[in-house]
Every structure is written in C-alpha cells, then in structure tokens.
Amino acid sequence: MVNLAEKVAKIISNEGISVNAMEKLIGASKGVLGKFLNQDAGTDIQSKWLLMIAEKFPQYSAEWLVRDADPMIRVSEQNTVNGINNGHVGSTYGTENQQTKSVSCDACDLLAAKDQIIAAQQGTIEAQRIAIDALRH
C-alpha cells in the first residue's frame, strides 16, 4: 500500500508541476504540501486539501488517492454517452434499476483511453497555466 504523501507526490510528478504550483492551484499556503511530503515533524494533511486535489485533478481517482483503490486514473464519465460505458457498448433492457448488458469493443477501449489522455492533458495545461501566472506575479 502506497502512503498518501507518495500518492500526492505522484500526482505532482505526473502533472510536471512543482509543489509550490500545486499549493497555489489548490489554494494552500506555501509549505503546506512541502511539509506534508517531507513528513516534517509528522505533519499530516487536512482533508480539505485532498478534496481540492481531487477537484483540480479529476482524472485521478479520489478512491485511489484516499483508499488505495484501483485504478489511479479514472475512466471519464463521458464514456457513458451514446451507449458507451467504461469502454463497452451497452444497451439497457427494462427499468433503470436493471443492469446494462455490455459487449466488449476495441474501439470503445480506444475511446476510453483517449478520454483519459485528454483529461490528463487538461489537468497539466491548467497546472502549467497557474504556474506561469505565479511566475508573472
């Protein structure tokens, strides 16, 4: 099991931003994440910062961040549009409470992967924009 500090560090690394940029992005004071990541004097992180990380980086599963549940990168909810459901084509029979019958589809898997890449790139672009804004001020 990976600890929470390692997961936050992984997000920072994956996004290619600095700890300072992440702090600015989530609205935390300078040093909040740095102390937590370095485990200075047993420093812990407040839940509000985890919520902000999950909000600002929706491509990362909050379940993975908090509970260590797979996968780290979540499948976009956009895949449920037009019968595409998490990489599968499906059609619903009966009421909304009944399960969806799904058929595996290579094209659907590609669409799911595309959505993951786009979500990750959007998070990176936003983080870089904030980092550039921070440098300008």
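None of these values were measured; they are calculated from a predicted model.

Caption draft 1: Quick look at the packing of helix 2 (residues 19–26) against helix 4 (residues 47–56). Between helix 2 and helix 4, the least distance of the axes is 9 Å, while the angle of their chain directions is 90°. As summarised for this structure, helix 2 and helix 4 are arranged roughly perpendicular, according to the angle between their axes. Residues Met22, Leu25 and Ile26 of helix 2 pack against Trp49, Met52, Ile53 and Lys56 of helix 4. Class assignment of the residues belonging to the contact of helix 2 with helix 4 gives a composition of 6 nonpolar, no polar and 1 charged.

Caption draft 2: Highlighting the packing of aromatic side chains. Taken as a whole, this structure holds 1 aromatic pair when the rule is applied. Taken together, a centroid distance of 6.5 Å and an interplanar angle of 65° make the contact between Phe57 and Tyr60 edge-to-face. Under the relative-accessibility criterion, Phe57 is labelled buried at 1%. The class for Tyr60 is buried, based on a relative accessible area of 5%.

Caption draft 3: Main features of helix 4. Turning to helix 4, its buried residues are Trp49, Leu50 and Ile53. Take helix 4 and look down its axis: the buried residues cluster within an arc of 100°, on one side only. In helix 4, the exposed positions that point more than 90 degrees away from the buried face belong to Ser47, Leu51 and Glu55. Turning to helix 4, the residues buried within the fold contact helix 1 (4–15), helix 2, helix 3 (32–38) and helix 5 (62–67).

Caption draft 4: Highlighting the nonpolar core. Counting residues in each nonpolar core, the largest one holds 24 residues, and the members touching the most others are Val8, Ile11, Met22, Ile53 and Phe57. At the level of secondary structure, the elements contributing two or more residues to this core comprise helix 1, helix 2, helix 3, helix 4, helix 5 and helix 6 (106–136). Aside from chain neighbours lying at most four places away, what touches Ile11 is Met22, Ile53, Phe57, Tyr60, Trp64 and Leu65.

Calculation rules
- Residues numbered from 1 in each chain as written.
- Predicted model: local features only at pLDDT ≥ 70, side-chain atom pairs only at ≥ 80, totals over all residues.
- Heavy atoms only, no water.
- Axes fitted to C-alpha atoms, helices over the stretch in contact; angles between N-to-C directions.
- Helix = DSSP H or I, 4+ residues; strand = E, 2+ residues; numbered from the N terminus.
- Parallel < 35°, antiparallel > 145°, perpendicular 65-115°, else oblique.
- Contact = heavy atoms within 4.5 Å.
- Nonpolar A, V, L, I, M, F, W, Y, C, P; charged D, E, K, R; others polar.
- Phe/Tyr/Trp six-rings, centres within 6.5 Å; stacked < 30°, edge-to-face > 60°.
- Buried < 20%, exposed > 50% of the residue type's maximum accessible area, 1.4 Å probe, protein only.
- Arc of directions from axis to C-beta.
- Core = buried A, V, L, I, M, F, W, Y, C linked by side-chain atoms within 4.5 Å.

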